[in-house]
Amino acid sequence: MYACDYLETGFLNVLRGVTFTAPAKCYLALFLNDPGESGTAGTEISYAGYARLEIDFSEPASVNGGIGIKNVSDITFSAPADPAGTVTYIGIMDSLVGGNMLARGELTESLVIGANEPPVFLAGDVEFYLTGNMATAYKTRLLNFFRGTSIPGVSPYFSLWNGSPEAAGSELAGDNYQRVKLTFGAPTEQVSGQLMCQNSLPASFNRPSTAWGVWNTSAIYNAASGGEPIYLQQLPEEITIKKGYMPTMEEGAVKVGIN
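Residues numbered from 1 in each chain as written. Predicted model: local features only at pLDDT ≥ 70, side-chain atom pairs only at ≥ 80, totals over all residues. Heavy atoms only, no water.

(A) Expanded view of the pattern of salt bridges. Summed over the entire model, instances satisfying the criterion amount to six salt bridges. In this structure, Arg-104 and Asp-34 form a salt bridge, with 2.8 Å as the shortest nitrogen-oxygen distance. Placement of the pair is Arg-104 in strand β8 (residues 101–113) and Asp-34 in the loop between β2 (26–31) and β3 (53–55), with a sequence separation of 70 residues. Residue classification places Arg-104 among the buried positions, given a relative accessible area of 11%. With a relative accessible area of 29%, Asp-34 lands in the partly exposed category. (Salt bridge = Lys/Arg side-chain N within 4 Å of Asp/Glu carboxyl O. Helix = DSSP H or I, 4+ residues; strand = E, 2+ residues; numbered from the N terminus. Buried < 20%, exposed > 50% of the residue type's maximum accessible area, 1.4 Å probe, protein only.)

Rendered as structure tokens:
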């Protein structure tokens, strides 16, 4: 499944200090065609007795090289009296009627809904997982959003690391070193269709009065010290931060999206 615009926008706005409020429940909806990134482009199936059904997800766990969630129990829709069409996509909605689509996915096999045949999704059939540069802590937060847990808005800080903070890396240190506060602009759509936000103001570290060490990984944190990593990015080439070298991020240089 893929994140839809509503989910991407809400998460990225967390980096702008806006809390992303989770729905009390999530619902599974059936579509005859692709709802698209917006979640509004497709045609939801319609027949007497059809209604979206509540879907409960498992705790986030490692899957497919990332972290994911699955439906914990079977989901059985009512049976139509007459053939109702062919379901090709499903959507995870935040409301029983109307509302916003959080994620969508194409079925591995189209589901032909015949007369008196109830559409059924077995436990584990509906899976949503995250890979990419988002840190484990925030992949987990985003997945728990589907389980009713809101994501508080944060003030993000840029930090320099030798090695990943998720793999025993160490944050650079030395005279004048401290994390730098970032200001992000509103999420914008990329050519790929993905939403992304980037720093709307330049940011600079203090000028080192002593060497800080080797910088090969950047990390955005949710606190000026301590806290949790939000987003990680390995540099294409490591940089030795020597006395007098002042790392600077130009406007638009720091980009964050959901993979």
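(B) Representation of the pairing of strand β17 (residues 213–221) in the model. Most of β17 sits out of view: seven of its nine residues are buried. Relative to β17, strand β11 (residues 157–162) is paired through five bridges, and the arrangement is antiparallel. Note that in β17 the partner of Trp-161 across the bridge is Thr-217. (Pairing = 2+ DSSP bridges.)

(C) Highlighting the packing of aromatic side chains. Going through the model one piece at a time under the given rule, you end up with 13 aromatic pairs. Ring centres of Phe-11 and Tyr-138 lie 6.4 Å apart, and the angle between their planes is 65 degrees; this geometry places the pair in the edge-to-face category. Remark: Tyr-138 occurs in helix α2 (residues 136–145) and Phe-11 occurs in helix α1 (residues 5–14); sequence separation between them is 127 residues. Classification of Phe-11 as buried rests on a relative accessible area of 2%. Measuring from centroid to centroid gives 4.1 Å for Phe-20 and Phe-145, while their planes differ by 20 degrees, and the two rings are stacked. You can see Phe-20 sitting in the loop between α1 and β2 and its partner Phe-145 sitting in helix α2, a full 125 residues away along the chain. Each residue in the set Tyr-47, Tyr-50, Phe-77 and Phe-121 is aromatic and connected to the rest through ring pairs, giving one cluster. The ring of Tyr-138 has Arg-141 sitting right over it, with the charged end atom 4.8 Å from the ring centre. Stacked on the ring of Tyr-221, the Lys or Arg Arg-179 has its end atom at 4.1 Å from the ring centre. (Phe/Tyr/Trp six-rings, centres within 6.5 Å; stacked < 30°, edge-to-face > 60°. Lys NZ or Arg CZ within 6 Å of the ring centre and 35° of its normal.)

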